[in-house]
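# Overview (structure and organization)
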Amino acid sequence: MILVTGGAGFIGANFVLDWLRECDEPVLNLDKLTYAGNLENLVALKGDARHVFVQGDIGDGVLVADLLAQHRPRAIVNFAAESHVDRSIHGPGEFIQTNIVGTFNLLEGVRAYFGKLSDLEKAAFRFLHVSTDEVYGSLGEVEPPFAETHQYQPNSPYSASKAASDHLVRAYHHTYGIPVLTTNCSNNYGPYHFPEKLIPLIIHNALAGKPLPIYGDGSNVRDWLYVGDHCAAIRRALASGMPGETYNIGGWNEMTNLDVVHTVCDLLDALSPRSSGSYREQITYVKDRPGHDRRYAIDATKIERELGWRPAETFTSGIEKTVRWYLEHADWVGNVTSGAYRQWTETNYADRK
Ligand code: NAD
Ligand code: TYD
């Protein structure tokens, strides 16, 4: 079996669902169920004996040791993290705690477990750490995209905490011989994406008749990848990646935020039109994010050359699937946008006017 951490969040839940669609190898899912974790994402697995869910913290050494001893996973995929840049600006403490201290504690549990495996089991074992392109910092307009050799230059508390965790993972390979893999991926989008992030926030606000907030002038650039493609890349890296290596994962799809928002508005105009006019009329320019990274772009040549992975979706196909999913899952959106979500949007957008 494999241990997945953070498997009730956006990418983790997509990964678990895809994994169990693709094969029968059981998944032990360890998730703290923070505001971003949601068991509703996994409702399709209810009663499925291949999925065992445990609510808990990757930083809880006793729990992690017990789970490893009891379930003896042959691999671990570590998604668990605090993941939202704006939240890291308002309160970096949780990011340090989970992304750095939590990953460290998890690695300590893995080190003890790994030490007791047989040589055969050691050779087969993998610890795959899911990271982000944001660790590389910000690119100028004409600079080449991030390759794996690009210097780490994180600019937000989020990216700095992820960079720190990447370094710890690397050190546990070099020092203790743990067979680790690190993947650094660009911005994901797709089903179960929490509506604090740009694309689901725009869909949610558009349908609710609310303003569509664009930070700054909307010309910041991100590379967007459909979440199912990210999950496929992780499966590929887990199966065939070389221990100790890092792999950049991206969609070959750089877009300005304004272009992304226009695309979403146009799709909504076609699929769920307003009574009059376009959703584009709801676009509002708001105060920029402090330290807002200008551009991220991924050079995903290595994973294609060495592991044969390329994204299957284009942005056109992926974003249409995504918008349709949100239109068909109004209940899911309603549930995750009640209570604490409102407090967060008030905190984040109140001082941007
Ligand atoms: P998310 O915020 O949607 O989900 C994170 C999950 O981790 C939640 O289920 C949460 O409950 C759980 N979690 C948080 N702290 C925990 C802890 N201490 N112990 C156990 N579980 C904990 O995040 P996501 O967007 O699904 O991102 C998953 C991973 O992928 C993160 O490591 C993130 O840095 C990385 N990543 C995300 C993107 C993106 O575009 N979303 C891109 C590249 C990399
Ligand atoms: P986000 O989805 O938070 O991902 P990240 O900051 O990790 O790239 O934001 C994507 C881009 O959209 C980023 O440049 C910030 C911008 N953005 C807005 O313009 N308005 C918003 O309300 C949000 C949440 C993000």
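Here's what I pulled together on the structure shown here. Since we're looking at a predicted model, the values are computed, not measured. (Residues numbered from 1 in each chain as written. Chains lettered and ligands numbered in written order. Predicted model: local features only at pLDDT ≥ 70, side-chain atom pairs only at ≥ 80, totals over all residues. Heavy atoms only, no water.)

A separate point is the overall build of the protein. A count of helical and extended segments in the protein gives 13 helices and twelve strands. Rg of the C-alpha trace for the protein: 20 Å, near the compact-globule value of 20 Å for 353 residues, within the 12% margin. Carbon and sulfur atoms provide 52% of the accessible area of the protein, an area that totals close to 14,700 Å². Distance from the positive charge centre (32 side chains) to the negative charge centre (43 side chains) of the protein: 2 Å. (Helix = DSSP H or I, 4+ residues; strand = E, 2+ residues; numbered from the N terminus. Rg over C-alpha atoms; globule rule 2.2 N^0.38 Å. Areas by Shrake-Rupley, 256 points an atom, 1.4 Å probe, with all protein chains shown as cover. Lys, Arg positive; Asp, Glu negative; His and termini not counted. Charge placed at Lys NZ, Arg CZ, Asp CG, Glu CD.)

The strands making up a sheet are joined through hydrogen bonds of the backbone, oriented either antiparallel or parallel. One open sheet accounts for three strands, arranged 7-9-11; its pairing is mixed. This sheet does not close on itself; its edge strands, each paired only once, are strand 7 (187-189) and strand 11 (254-256). For this sheet the average axis-to-axis angle between neighbouring strands, irrespective of direction, equals 50°. Note: strand 7 against strand 9 (residues 221-226), three bridges, orientation parallel. In the strand pairing of strand 9, Y189 is matched with Y226. Together, strand 7 and strand 9 form the strand contacts of helix 8 (residues 227-240), whose direction differs from that of strand 9 by roughly 75°. (Pairing = 2+ DSSP bridges. Axes fitted to C-alpha atoms, helices over the stretch in contact; angles between N-to-C directions. Contact = heavy atoms within 4.5 Å.)

A few words now on the environment of E121. Within the secondary structure layout, E121 lies in helix 5 (residues 119-124). E121 sits 48 residues away from P73 along the chain, and the two C-alpha atoms are 10.0 Å apart.

With parallel pairing, the seven strands of this open sheet are ordered in space as 3-2-1-4-5-6-10. Each end of this open sheet is capped by a strand with a single partner; those strands are strand 3 (51-55) and strand 10 (246-249). When strand polarity is set aside, the average angle formed by the axes of neighbouring strands in this sheet is 20°. Here four bridges tie strand 1 (residues 2-5) to strand 2 (residues 27-31), and the two strands are oriented parallel to one another. Paired with L3 across the bridge in strand 2 is L28. Most of the contacts of helix 2 (residues 61-71) go to strand 2, to which it runs at about 175°, and overall it touches strand 1, strand 2, strand 3 and strand 4 (75-78). Of the strands in this sheet, strand 1, strand 4 and strand 5 (126-132) are in contact with helix 4 (residues 93-115), which crosses strand 5 at around 170°.

A few words now on the site of ligand 2. The local shell around ligand 2 holds 17 residues, among which E134, R222, R289, H292 and Y349 are the closest. Contacts to ligand 2 include L198, whose backbone N or O atom sits 2.9 Å from an oxygen atom. Here an oxygen atom of ligand 2 sits 2.6 Å away from a polar atom, N or O, in the side chain of Y349. Protein coverage of the free-state accessible area of ligand 2, which is 510 Å², stands at 97%. If you tally residues by element for the shell around ligand 2, the top one is strand 8 (residues 212-215), at three residues. Split by residue class, the shell around ligand 2 holds eight nonpolar, four polar and five charged. (Near = heavy atom within 4 Å. Polar contact = N/O pair within 3.5 Å; in protein donor to acceptor, adjacent residues only side chain to side chain. Nonpolar A, V, L, I, M, F, W, Y, C, P; charged D, E, K, R; others polar.)

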